[in-house]
Amino acid sequence: MKAVLVAAVGVWPPLGPDATAAPAAPPAELLPSRLRRGTSMLTRLFAEGVAQVAAQSGADLASVATVYGSANGEIETAIAQLQMMHGDGVLSPARFKSSVHNTASGLVSIAAGNRAFSTALAAGERTAAMCLLEAIVLIDRGATDVIVALADEPLPAPLPGAPRYAPLGVAFHLRAETPPNGRALAALRGLRVDATAPAATLAEPLGNNPVAAALPLVDAIRQGRRGTVVLERGGAGTSRWCIEVVDP
Amino acid sequence: MPAGYPVTAYAMCNALGARTRDAIAALSEGRSGLEPPPFELPFETVAGAVPGELPALPAAVSGWDARVTRIALIALAELSEPVSRAIRRWGKDRVAVVLGTSTGGLESTERAYAAHHQSGRLPAWYDYDLQHPFHAFADLVAHVTGAGGPTYVVSTACSTSTKVLGSAMRLIGAGVADAVLVGGVDSLTQTTLRGFHCLSVLAPKRCKPFSRDREGMNIGEGAALLLVEREGEGSVRVLGVGETSDAHHMSSPDPAGAGARAAMEQALAQAGLDAAAVDYVNAHGTGTKRNDAAEAQAIASVFGARVPVVSTKAFTGHQLGAAGATEAVFSIVAIEQSWIPTSLGADPVEPDLGIAIQLARTERKCRVVVSNSFGFGGSNASVVLGAA
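Residues numbered from 1 in each chain as written. Chains lettered and ligands numbered in written order. Predicted model: local features only at pLDDT ≥ 70, side-chain atom pairs only at ≥ 80, totals over all residues. Heavy atoms only, no water.

Draft legend 1. Representation of the overall build of chain A. Along chain A, the regular secondary structure elements total 7 helices and 8 strands. Taking 2.2 N^0.38 as the reference for a compact globule, 248 residues should give roughly 18 Å; the C-alpha atoms of chain A span a radius of gyration of 18 Å, in line with that estimate. Each principal axis of the C-alpha atoms in chain A carries an extent, and together these give about 55 × 40 × 35 Å. For chain A, contacts bridging at least 24 residues in sequence account for 71% of all contacts bridging at least 6. Side chains of chain A carry 20 positive and 20 negative charges; the gap between the two charge centres is 3 Å. (Helix = DSSP H or I, 4+ residues; strand = E, 2+ residues; numbered from the N terminus. Rg over C-alpha atoms; globule rule 2.2 N^0.38 Å. Contact = heavy atoms within 4.5 Å. Lys, Arg positive; Asp, Glu negative; His and termini not counted. Charge placed at Lys NZ, Arg CZ, Asp CG, Glu CD.)

Laid out in structure tokens, this is it:
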């Protein structure tokens, strides 16, 4: 497969010195208020990531293909529905239709008037790697550009170990060709399993979020580093998904 | 080289039967699997449960034990030999696992939450990481089969397990995999039954897709798995998959059916076929007023009233994330065995739909079938399956 170009990278909350100034939830202004009202942290993370990369690269949100990925999905909504079930027993229509894994896919497509390809994936620790794979393969099969949006929200009580981690969203705008603004940040190739790759080590409180697996790639692209980036955090086994970051 | 990729093996379990042959026999004989739900609800409905006691998982993988994984392994048991053969032929790292679900292990979390509500403690049997997240059952399937290629779950509500066929075609086409075990699995949950009831789209009796008298949908559970390979012996090939978005509403289809129509047209274009080549359309056909009207309009705009159209939801219930793969298997059976099932419950058909709803099981030579799956979020997927 050919290398794909990275036209933009988005992250919420901001990393580094800007982190302390971040609001408690992403603004997610891509969604008009009628669609944003009552949305979960997860959906806001996704919408924020898509908006960030579109603002950087000029991606056409009315036509770009989208791949959403989350290890635990709309877990806050799932548990809220169980609370309702054990309360008055009646579920909320608004909550129920926002409980699916592809909620953000639906809402963003409605907001942008986008009738193109969109999917929503889950692969646990390998969610970032598998979403990049789906996007790279889409481009190989003819898609011109794909936004990959990754997000996970904290686990709600009473799930074991809740909340486990802080909210985190990451997005990449990948293209087959040079973006409209004339420059690409990097190129990606060689997505593969490497039996010798070390696990990425990441700091708390984001480090336990499954999306943190994508932060070394974000960092490499933003810092202009080239070379192999591991797309999985620690865990059992020795084989980990990796990708090569090269000049565009 | 022939278009698409062969389906070299398939299996399913659902309300029609715990074995593939039983489910096919019930479909052929026009027997519905819908019964009162296996748990109490504060309203009337019927549901499609996999019959009988579901075998517990083997001790070596007992941590994954959940209703959804039990259902998955029932179907997988029928495919152990073909998947092993594919691993021997292609190598384990060239065999991918791409499965779909809408609710994953939610049924386990519902029971654990209920126990916590009673006692203030989660039960000892509950392991969130192995039983709830979507990837858990896909990892289990990969572990049990020994498949070592890319493993992930697609979850786009009710279009899920038609979209996995699109992923399989791309993974093989791009050279990432040589075989992909695809499918969908979902179990009945309180959340889905109560949720669709709160949207006022759950039927109190057996659903009647495309009928003038339809009152809504029923929910079902099940699993369907298909092995798609780069090359191999298979009487049916996956020829094209169309995937679009409505961009209209989270839970109601675009009334004009534009996204659904585009999905069918994309699938046909990928297959390199005209609408005239299609012998049969397996409709999404949930039985809700809005879905059936919008889908009929979309089907009519692509095929006119020439092609027989069937919904099988009154046989199995709507299996959500397992619906697309199950109906892909039903479509393969139509091609292999040259018969089309009756669109159970459709009589008397809603007038002016503009499509040819099939009111009886019919012997018919089918070379090309289109199967539709549409879901929340305006997610649409259509697959074209054709005789090899």
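More follows now that the structure is in view.
Draft legend 2. Local environment of the overall build of chain B. A count of helical and extended segments in chain B gives 12 helices and 15 strands. Taken against the 2.2 N^0.38 rule, which gives 21 Å for 388 residues, the C-alpha radius of gyration of chain B at 19 Å falls within 12% of a compact globule. Taken along the three principal axes of its C-alpha coordinates, chain B extends 55 × 50 × 40 Å. In chain B, which comprises 388 residues, the proportion classed as buried is 66%. For chain B, restricting intrachain contacts to residue pairs at least 6 apart in sequence, the fraction spanning at least 24 positions comes to 79%. Summed over its atoms, the accessible surface of chain B is roughly 12,400 Å², and 50% of this surface lies on carbon and sulfur atoms. Placing the 31 positive and 37 negative side-chain charges of chain B at their respective mean positions leaves the two points 2 Å apart. (Buried < 20%, exposed > 50% of the residue type's maximum accessible area, 1.4 Å probe, protein only. Areas by Shrake-Rupley, 256 points an atom, 1.4 Å probe, with all protein chains shown as cover.)

Draft legend 3. Spotlight on helix α3 (residues 80-90) of chain B. All names here are of chain B. The complete set of buried residues in α3 reads Pro-82, Val-83, Ala-86, Ile-87 and Trp-90. Viewed along the axis of α3, the buried residues span an arc of 140°, placing them on a single side of the element. If you follow the buried residues of α3, they end up packed against β1 (5-14), β3 (95-100), α6 (134-145), β5 (179-186) and β7 (222-229). Immediately beyond the C-terminal end of α3, within one or two residues, lies Gly-91, with a positive phi of roughly 95°. (Arc of directions from axis to C-beta.)

Draft legend 4. Broad picture of the environment of B:Ser84. In this structure, B:Ser84 sits in helix α3. Counting along the chain gives 123 residues from B:Ser84 to B:Cys207, while the straight-line C-alpha distance between them is 39 Å.

Draft legend 5. Up close: the nonpolar core. Among the nonpolar cores identified, the biggest contains 95 residues, and A:Phe172, A:Leu174, A:Leu217 and B:Leu171 are the most heavily contacted of them. With 11 residues, the single largest contributor to this core is helix α6 (residues 127-140) of chain A. Dropping the residues within four chain positions of it, B:Leu171 is found in contact with A:Leu133, A:Val137, B:Ala96, B:Val98, B:Tyr152, B:Val176, B:Ala177 and B:Val180. With 57 residues, the next largest nonpolar core counts A:Val64, A:Ile75, A:Leu155 and B:Met250 among its residues. (Core = buried A, V, L, I, M, F, W, Y, C linked by side-chain atoms within 4.5 Å.)

Draft legend 6. The arrangement of helix α3 (residues 75-85) of chain A in detail. The element α3(A) is largely enclosed, with a buried count of 8 among its 11 residues. Those residues of α3(A) that fall on the buried side of the exposure criterion are A:Ile75, A:Thr77, A:Ala78, A:Ile79, A:Ala80, A:Gln81, A:Leu82 and A:Met85.

Draft legend 7. Focus on unusual backbone geometry. Residue A:Pro158 follows A:Ala157 across a cis peptide bond; omega there is 10°. Cis geometry marks the peptide bond from A:Ala162 to A:Pro163, where omega comes out at 5°. In this fold, A:Pro163 is placed in the loop between β4 (145-152) and β5 (168-175). The backbone phi angle of B:Leu320 is positive, close to 55°, even though this residue is not glycine. Tracing the sequence through the fold places B:Leu320 in the loop between α11 (313-316) and α12 (323-337). Given the relative accessible area of 2%, B:Leu320 is considered buried.

Draft legend 8. A look at the interface of chain B and chain A. Each side of the interface is counted separately: chain B has 51 residues, and chain A has 49 residues. Counting the surface chain B buries against chain A, the share from its top three residues, B:Tyr113, B:Tyr128 and B:Met250, is 16%. At the boundary of chain B with chain A, the tally comes to 3 salt bridges. Note that B:Asp129 and A:Arg164 form a salt bridge whose closest N and O atoms lie 2.8 Å from each other. (Buried area = accessible area lost by both parts, 1.4 Å probe. Salt bridge = Lys/Arg side-chain N within 4 Å of Asp/Glu carboxyl O.)

Draft legend 9. Expanded view of the pattern of salt bridges. Using the criterion set out here, one finds 29 salt bridges over all chains in the structure. In this structure, the salt-bridge partner of B:Arg94 is B:Asp178, at a minimum N-O distance of 2.8 Å. Note that B:Arg94 is positioned in the loop between α3 and β3 and B:Asp178 in the loop between α7 (160-173) and β5, a separation of 84 residues in sequence. The closest approach of N and O atoms between B:Glu243 and B:Lys163, which form a salt bridge, is 2.9 Å. Of this pair, B:Glu243 sits in strand β8 (residues 236-245) while B:Lys163 sits in helix α7; the two residues are 80 residues apart in sequence, bridging distant segments of the chain. Accessibility classification places B:Glu243 together with B:Lys163 in one group, the buried group. Overlapping salt bridges, with partners in common, bring together A:Glu134, B:Lys163, B:Arg170 and B:Glu243 in one network.

Draft legend 10. Seen up close, the packing of aromatic side chains. Going through the model one piece at a time under the given rule, you end up with 5 aromatic pairs over all chains. With 5.0 Å between their ring centres and 80° between their planes, A:Phe96 and B:Phe196 make a pair best called edge-to-face. Here A:Phe96 is found in helix α4 (residues 93-97), whereas its partner B:Phe196 is found in helix α8 (residues 190-198) on a different chain. The two residues A:Phe96 and B:Phe196 agree in class, both being buried. Residues B:Phe196 and B:Phe376 carry aromatic rings whose centres are separated by 5.7 Å and whose planes lie at 55° to one another, so their mutual orientation is tilted. Here B:Phe196 is found in helix α8, whereas its partner B:Phe376 is found in the loop between β14 (368-375) and β15 (379-387), with 180 residues between them in sequence. (Phe/Tyr/Trp six-rings, centres within 6.5 Å; stacked < 30°, edge-to-face > 60°.)

Honestly, it's all geometry; don't read function into it.
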